[in-house]
Amino acid sequence: MGAIGIIFLVSLIALCLIHSVSAATRHYKFEIKLQNVTRLCHTKTIVTVNGQFPGPRIVAREDDRLEIEVVNHVKNNISIHWHGIRQLRSGWADGPAYITQCPIQTGQRYVYNFTIVGQRGTFWWHAHISWLRSTVYGPIIILPKENTPYPFAKPYKEVPMTFGEWFNADTEAIISQALQTGGGPNVSDAYTINGLPGPLYNCSSKDTFKLKVKPGKTYLLRLINAALNDELFFSIANHTLQIIDADGVYVKPFKTDTLIITPGQTYNVLLKTKPHFPNATFYMTARPYVTGPGTFDNSTVAGILEYESESKSHLKKLPLFKPSLPALNDTTFVTNFTSRLRSIATPQFPANVPLSVDKHLLFTVGLGTSPCDQNKTCQGPNGTKFSASINNVSLILPTTALLRSHFFGQSKGVYKPDFPYNPLNWFNYTGNPPNNTLVNNDTKLMVLPFNTSVELIMQDTSILGAESHPLHLHGFNFFIVGQGFGNFDPNKDPSTFNLVDPIERNTVGVPSGGWVAIRFLADNPGVWFMHCHLEVHTSWGLRMAWLVLDGKLPNQKLPPPPVDLPKC
């Protein structure tokens with residue numbers, strides 16, 4: 001072999017070694033099983049992953065491949081969504097039941113196989129069928145590539161903190177009853193941090209999350225809101241948080257005493273502890289932000305921030321400080337906080353917001369009604385059923401998977417490709433509601449050619465009362481280029497859009513009585529769910545799906561489904 005050949009061989013081996021270091025295949029096994037769990041002196045049998053509540057932590061690096069085998073040992077059908085993971089050309093692994101897959105039935109298994117492409121940060125996984133995600137959820141931590149530092153000083157320790165909700169009753173029975181009667185579902189009995197309600201609830205002091213810290217250190221808190229139905233304020237008494245990441249995207253850092261996190265969102269925050277032992281302990285509390293007319297769990301979850309000391313005998317005697325959280329309906333705080341979020345927008349982490357737009361869309365989002373079933377008594381407005389809709393279309397889930405129907409050209413009788421670009425009937429969206437509040441129940445998809453640049457205005461409506469709606473888009477990140485109150489004005493409002501460093505994320509709260517503008521590039525072929533992450537609103541139909549067509553090149557096409565894809 002000549003010198004050139006040897007150099008080529010050495011280079012090839014080096015490249016292989018670099019790849020083997022930077023990317024790996026990580027295997028996990030999720031056994032879906034029942035487990036008895038006690039909270040608030042109430043024991044019940046819940047659906048779990050591997051008997052854990054919350055479920056196990058997934059840890060990987062950017063560019064890693066994940067293979068997660070899910071085996072269903074319970075009577076409920078199951079599917080798992082990897083929330084915030086883009087699933088580039090791997091839509092078969094996205095997880096929402098009847099959208100990208102049929103659910104995994106009792107005794108069946110499915111391997112979710114996907115690669116983490118160009119993402120790092122805090123994400124999470126959860127069941128994506130009915131209300132099973134009340135107990136079936138857990139964190140996903142995606143670290144930067146090997147030998148790639150954070151764009152901030154390395155923290156002393158990283159701590160996932162996942163907010164959830166605890167129901168003493170069976171959540172499947174709660175939503176089943178609500179859908180039958182058409183009324184609002186019963187609310188949770190407690191909020192939780194890492195599955196623990198904390199000392200402010202009766203019979204719960206032993207179930208308290210404690211964060212033990214050392215003085216003079218910086219901790220990275222990975223915050224996840226896995227609550228079913230509530231946006232949450234969060235604060236730590238006498239401490240400041242620095243926001244550095246939202247939904248797995250670095251942001252321009254800023255400090256705050258309190259943050260707002262909607263269901264589905266994540267934040268990475270830096271907590272710098274006091275330089276010396278403070279002779280005190282501190283509550284970490286969260287409670288809901290409420291905008292709508294419905295009932296809600298008006299309670300507060302607390303964990304405890306506890307400084308380690310060489311002398312531990314006096315810890316129980318230390319004063320305990322509580323933070324001051326905003327009022328339940330403090331929309332001004334929420335608006336001011338979200339307006340501070342900006343992409344880091346550096347050459348290494350650019351904000352690639354589409355500057356030109358191929359499709360301008362306006363979606364109204366809000367509550368409406370559906371007629372009561374024959375010979376039934378319903379508890380919604382004026383004897384109807386509560387429904388929710390986007391552009392007055394309340395999505396009916398099919399009995400087979402939309403993605404499979406599309407891929408094999410079997411859409412007839414399954415879905416219609418004519419989801420409306422705009423509301424079919426204009427009205428004063430945030431003013432007096434129209435007389436007709438009935439929604440259209442159907443299965444319609446919005447079809448987009450590959451690489452279409454989209455600007456979407458999501459407009460809240462006051463039909464049954466204005467309220468905030470956290471909307472989550474599967475398969476994409478989007479840029480939040482603008483938001484405001486009242487009705488969106490297409491002549492004036494676009495001039496205020498931020499096209500320089502808008503925040504990029506996958507879940508956004510549509511302001512109560514207002515609108516939000518997002519832009520994204522439809523560069524991921526497949527069928528992608530978009531829905532409210534208030535689970536009650538999703539159950540009522542505040543959901544739709546996008547069909548992004550294949551591009552012309554091989555790497556712009558969705559591959560065939562895996563052989564073990566579940567069947568309906």
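All of these numbers come straight from a predicted model, not from anything done at the bench. (Residues numbered from 1 in each chain as written. Predicted model: local features only at pLDDT ≥ 70, side-chain atom pairs only at ≥ 80, totals over all residues. Heavy atoms only, no water.)

Participant: Which parts of the structure should I look at to understand the overall build of the chain?
Facilitator: From N to C terminus, the chain includes 5 helices and 33 strands. Relative to the globule expectation of 24 Å for 568 residues, the C-alpha radius of gyration of the chain, 24 Å, shows essentially globular dimensions. Principal-axis analysis of the C-alpha atoms places the extent of the chain at approximately 80 × 70 × 55 Å. Put simply, the chain has 568 residues, and 58% of those count as buried. Sequence-distant contacts in the chain: of pairs separated by 6 or more residues, those separated by 24 or more amount to 79%. Of the accessible surface of the chain, which amounts to about 23,400 Å², a share of 52% is contributed by carbon and sulfur atoms. Distance between charge centroids for the chain: 5 Å, based on 48 positive and 39 negative side chains. (Helix = DSSP H or I, 4+ residues; strand = E, 2+ residues; numbered from the N terminus. Rg over C-alpha atoms; globule rule 2.2 N^0.38 Å. Buried < 20%, exposed > 50% of the residue type's maximum accessible area, 1.4 Å probe, protein only. Contact = heavy atoms within 4.5 Å. Areas by Shrake-Rupley, 256 points an atom, 1.4 Å probe, with all protein chains shown as cover. Lys, Arg positive; Asp, Glu negative; His and termini not counted. Charge placed at Lys NZ, Arg CZ, Asp CG, Glu CD.)

Participant: Just to check I follow, could you spell out the environment of P319 for this structure?
Facilitator: Relative to the elements of secondary structure, P319 occurs in the loop between β19 (301–307) and β20 (320–321). Classification of P319 as partly exposed rests on a relative accessible area of 40%. Separated by 40 residues in the primary sequence, P319 and N279 place their C-alpha atoms 7.6 Å from one another. Not counting the four nearest positions on each side in its chain, P319 is found in contact with N279, A280 and T281.

Participant: Help me out: how do you make sense of the sheet that holds strand β9 (residues 157–166) in this one?
Facilitator: Backbone hydrogen bonds hold the strands of a sheet together, and the pairing may be parallel or antiparallel. Within the open sheet, the 6 strands sit side by side as β10-β9-β12-β17-β14-β15. Their pairing is mixed. Each of the sheet's edge strands pairs with one partner strand only, and the pair in question is β10 (190–193) and β15 (249–256). Averaged over all pairs of adjacent strands, the angle between their axes in this sheet comes to 25°, without regard to strand direction. Bridging between strand β14 (residues 241–246) and β15 involves 5 bridges; their strand directions are antiparallel. Along β15, the bridge assignment pairs Q242 with K255. (Pairing = 2+ DSSP bridges. Axes fitted to C-alpha atoms, helices over the stretch in contact; angles between N-to-C directions.)

Participant: Please explain the UniProt feature "domain: Plastocyanin-like" (unreviewed entry) in the chain as it appears in this structure.
Facilitator: The UniProt entry lists residues 33–146, 158–309 and 421–550 under the feature "domain: Plastocyanin-like" (unreviewed entry), expressed in the numbering used here. Note that residues 158–309 is 7% helix and 47% strand, and that its end C-alpha atoms are spaced 20 Å apart. (UniProt positions renumbered as here; feature names shortened; annotations may be inferred.)

Participant: Explain the packing of aromatic side chains to me, please; I cannot follow it from the model alone.
Facilitator: What describes a pair of aromatic rings is the distance from one ring centre to the other and the angle between the planes of the rings. Within this structure, the stated rule accounts for 33 aromatic pairs. On the numbers, 6.0 Å between centres and 55° between planes, the contact of F53 with W166 is tilted. Of this pair, F53 sits in the loop between β2 (42–49) and β3 (58–61) while W166 sits in strand β9; the two residues are 113 residues apart in sequence, bridging distant segments of the chain. With respect to burial, F53 and W166 carry one shared label: buried. Taking the centre distance of 5.7 Å and the plane angle of 40° together, the rings of W82 and F114 count as tilted. Taken together, the residues span a long stretch of sequence, with W82 in strand β5 (residues 80–83) and F114 in strand β6 (residues 109–115) at a distance of 32 residues. (Phe/Tyr/Trp six-rings, centres within 6.5 Å; stacked < 30°, edge-to-face > 60°.)

Participant: Explain empty space enclosed by the protein to me, please; I cannot follow it from the model alone.
Facilitator: Left-over empty space is what a probe sized like a water molecule reveals as it rolls over the atoms. On inspection of all chains with the given rule, the structure shows 2 cavities of 30 Å³ or more. In this structure, the largest cavity spans a volume of roughly 40 Å³. Lining the largest cavity, in full, are R120, G121, I142, P144, Y150, F152, R222, D245, Y250 and N268. Within the lining of the largest cavity, the residues separate by chemical class into 5 nonpolar, 2 polar and 3 charged. What the second largest cavity holds in volume is close to 30 Å³. Surrounding the second largest cavity, G84, I85, R86, H472, L473, H474, G475, F476, N477 and N506 form its lining. (1 Å grid on protein atoms, 1.4 Å probe; cavity = no way out; pocket = protein on both sides within 12 Å on 5 of 7 lines; lining within 4 Å. Points joined across faces, edges and corners; volume = space filled by probe spheres on them. Nonpolar A, V, L, I, M, F, W, Y, C, P; charged D, E, K, R; others polar.)

Participant: Where do I start with the sheet that holds β2 in this structure?
Facilitator: Strand order across the open sheet formed by 4 strands is β2-β1-β4-β6, with mixed pairing between neighbours. Either end of the sheet is taken by a strand with one partner, and the two such strands are β2 and β6. The sheet shows a mean angle of 25° between the axes of neighbouring strands, taken without regard to direction. Across 8 bridges, strand β1 (residues 25–39) lies against strand β4 (residues 65–72) in parallel orientation. Counterpart to E31 in the pairing with β4 is V71.

Participant: Whenever I open this one, the environment of T399 confuses me. Can you help?
Facilitator: For T399, the position within the fold is in the loop between β23 (393–395) and α4 (402–407). For the pair T399 and C568, spaced 169 residues apart in sequence, the C-alpha separation works out to 7.3 Å. Excluding its chain neighbours within four sequence positions, the residues that come into contact with T399 are Y98 and C568.

Participant: Please explain helix α3 (residues 331–339) as it appears in this structure.
Facilitator: Side chains three or four residues apart in an α-helix point the same way, a direct result of the helix having 3.6 residues per turn. Burial in α3 covers these residues: F333, V334 and F337. Taken down its axis, α3 places every buried residue within 100° of arc, on the same side. Buried residues along α3 sit in contact with β13 (231–236), β14, β15, β16 (258–261), β17 (266–272) and β18 (281–289). (Arc of directions from axis to C-beta.)

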